[in-house]
Amino acid sequence: MHTLSAIDLRNKFIQGDLTAVEITNHFLARIDRYNQDLGAFLAVFHERALQKAKNLDEKRRKGEKLGKLAAIPIALKDNIHVAGEISTCGSQFLLNYRAPFDATVTRLIEAEDGIIIGKTNMDEFAMGSSTENSSIQKTFNPWNLKCSPGGSSGGSAAAVAARLCPLALGSDTGGSIRQPASLCGIVGFKPTYGRVSRYGLVAYGSSLDQIGPLATSTADAALLVEVIGQHCDKDSTSLPMPGETYPLQERVAGMRFGVPRQFIEGLAADQQQIFNNSLETLKSLGGTIVDVDLSSCKYAIAVYYILATAEASTNLARFDGIRYGKRSARAKTLDEVYELSKEEGFGPEVKRRILLGTFVLSAGYQDAYYKKAQKVRTLLLQEFKKAFEKCHLVVSPAAVNGAFEIGAIKDPLQMYLEDIYTIPSNLVGIPAISVPSAFTKDNKPVGLQFMGPQKQEAHIFPTAHAFELANGSSKKIPPLYQENLA
């Protein structure tokens, strides 16, 4: 079953070839077998998932209408709430925090008969590009267990790549879906900002965060976005738009693809060759390559780490040891409750970003940093608008390289550069997808990124699907996880 797409599993269930209990047991067995070494899941909902599966089998027996996600096991990144379950955000601060309500995406998935199978590991409060910043456990790349799966949605990416579940949700603040998707050889999609409700997602950078799918195919990712891409009255940033469907006819012939040459000129030779080969594939499908000017993207990293950390310092102020989460046992005064709870609860990267964000918002520095970053963000938005006048989609690498070894990048600034190709789309709020494009000489997957105009998911999915069919890389399963446990 793990070799099937999510859509195939759903269809086999609806047709009566498989029961929901059989599907759920198959993936729970794979998690039990492989997760100890892979470290993808923080929590597995055995009883909850099996009860939902039994209910679905009964629903089918009665001839009741089944939802779009019927019997598909789905994992959620551990910053997305499931009522009654722990949401740790990969942090010591929230080891005891049990969510009192469902996130909107959780509610929508279950309404369409999807089966929430567990919660996945992540960089603490989604701050990182390697999942090494999780304070709970390490997660490894299914293609090479010495390497990182990327981050911050590394647990979700590793789970899908190893076929421990057919679909997973991650959150993307600066590339945290697409970068791990690239490193793990799967599809990762960040919707237009506001397309998917953030209600029930623990906030990192509120003007940047967006929930999106990780999947083994573009078709599966599109299906999940159809379900979760609904307007939500509980989220003030939710776009007042009806849900969409995404037909996947091959829409490449006649399309123009913009390449920001100045932005990607620093690619290593082998990565440049992989990217050029991907462009040739698009041309063979009938696409045209044009050059576009996105020269302001070279400032994207600097702008992001000013704006995102400023928002993080505000969002994380609520973790004070008073209302919920960790409270230091050493604290004897109110000041010590605040200080020691944060000292013990937050990891080094979270502290670093809170301090940086507080600095750029402080009196005397707000004009020099924060307001200037907002102006560059506007400039970047204008450049993308001009680029989309020349092309339908912008293409670039999704990551600077294949997966790197865990512990190999010790300089935080070097780690920040891992997101250089994904951050711009977050800053301007446009949809973007990473699709597997090739493998490096040492058998590490690499992804190609498509970026489209705001609210134009319908442009991206058919193109990514056509590229995927022509390329075929996403169908490969890491050798360690090909075993049929049955």
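Rules of the game
- Residues numbered from 1 in each chain as written.
- Predicted model: local features only at pLDDT ≥ 70, side-chain atom pairs only at ≥ 80, totals over all residues.
- Heavy atoms only, no water.
- Phe/Tyr/Trp six-rings, centres within 6.5 Å; stacked < 30°, edge-to-face > 60°.
- Core = buried A, V, L, I, M, F, W, Y, C linked by side-chain atoms within 4.5 Å.
- Buried < 20%, exposed > 50% of the residue type's maximum accessible area, 1.4 Å probe, protein only.
- Helix = DSSP H or I, 4+ residues; strand = E, 2+ residues; numbered from the N terminus.
- Contact = heavy atoms within 4.5 Å.
- Pairing = 2+ DSSP bridges.
- Axes fitted to C-alpha atoms, helices over the stretch in contact; angles between N-to-C directions.
- Patch = residues over 30% accessible without salt bridge, like charges linked within 9 Å, V, L, I, M, F, W, Y side chains within 5 Å.
- Areas by Shrake-Rupley, 256 points an atom, 1.4 Å probe, with all protein chains shown as cover.
- Salt bridge = Lys/Arg side-chain N within 4 Å of Asp/Glu carboxyl O.

K.L.:
What should I look at first to understand the packing of aromatic side chains in this one?
P.N.:
Remark: the centre distance and the inter-plane angle together describe each pair of aromatic rings, the angle taken between the planes. Tallying each qualifying case throughout the model produces 21 aromatic pairs. Ring pairs connect the aromatic residues Phe-93, Tyr-97, Phe-125, Phe-319, Tyr-324 and Phe-346, which therefore count as one cluster.

K.L.:
Hey, could you run me through the nonpolar core in this one?
P.N.:
Soluble globular proteins tend to bury their nonpolar side chains together. Grouped together as the largest cluster of nonpolar side chains are 99 residues, with contacts concentrated most on Ile-109, Phe-125, Leu-169, Phe-384, Leu-427, Ile-433 and Phe-450. The leading source of residues in this core is helix 9 (residues 300-315), at 10 residues. Contact partners of Ile-433, with chain neighbours within four places excluded, come to Arg-178, Val-187, Gly-188, Phe-189, Thr-218, Leu-448, Gln-449, Phe-450, Ile-460, Phe-461 and Ala-464. In this structure, Leu-18, Leu-38, Ala-157 and Ile-477 belong to the second largest nonpolar core, which totals 37 residues.

K.L.:
Just checking my understanding: could you explain the sheet that holds strand 3 (residues 115-120) for this structure?
P.N.:
Adjacent strands of a sheet form backbone hydrogen bonds with each other and so pair up, either parallel or antiparallel. The strand order across the open sheet built from 11 strands is 1-3-2-4-6-5-10-11-9-7-8, with neighbouring strands paired in mixed fashion. Two strands close off the open sheet at either side, each with one partner strand: strand 1 (41-44) and strand 8 (288-291). Going across the sheet, the axis of each strand differs from the next one's by a mean of 30°, ignoring polarity. Pairing geometry for strand 7 (residues 256-259) and strand 8, over four bridges, is parallel. Residue pairing in the sheet places Arg-256 in a bridge with Thr-288 of strand 8. Along the sheet, helix 3 (residues 46-61) makes contact with strand 1 and strand 3, crossing strand 3 at roughly 160°.

K.L.:
What am I meant to see in a nonpolar patch on the surface here?
P.N.:
On the surface, a nonpolar cluster with roughly 340 Å² of combined accessible area is contributed by Leu-356, Phe-359, Tyr-365 and Tyr-369. Positionally, Phe-359 belongs in helix 11 (residues 348-360). Note on Phe-359: relative accessible area 35%, which makes it partly exposed.

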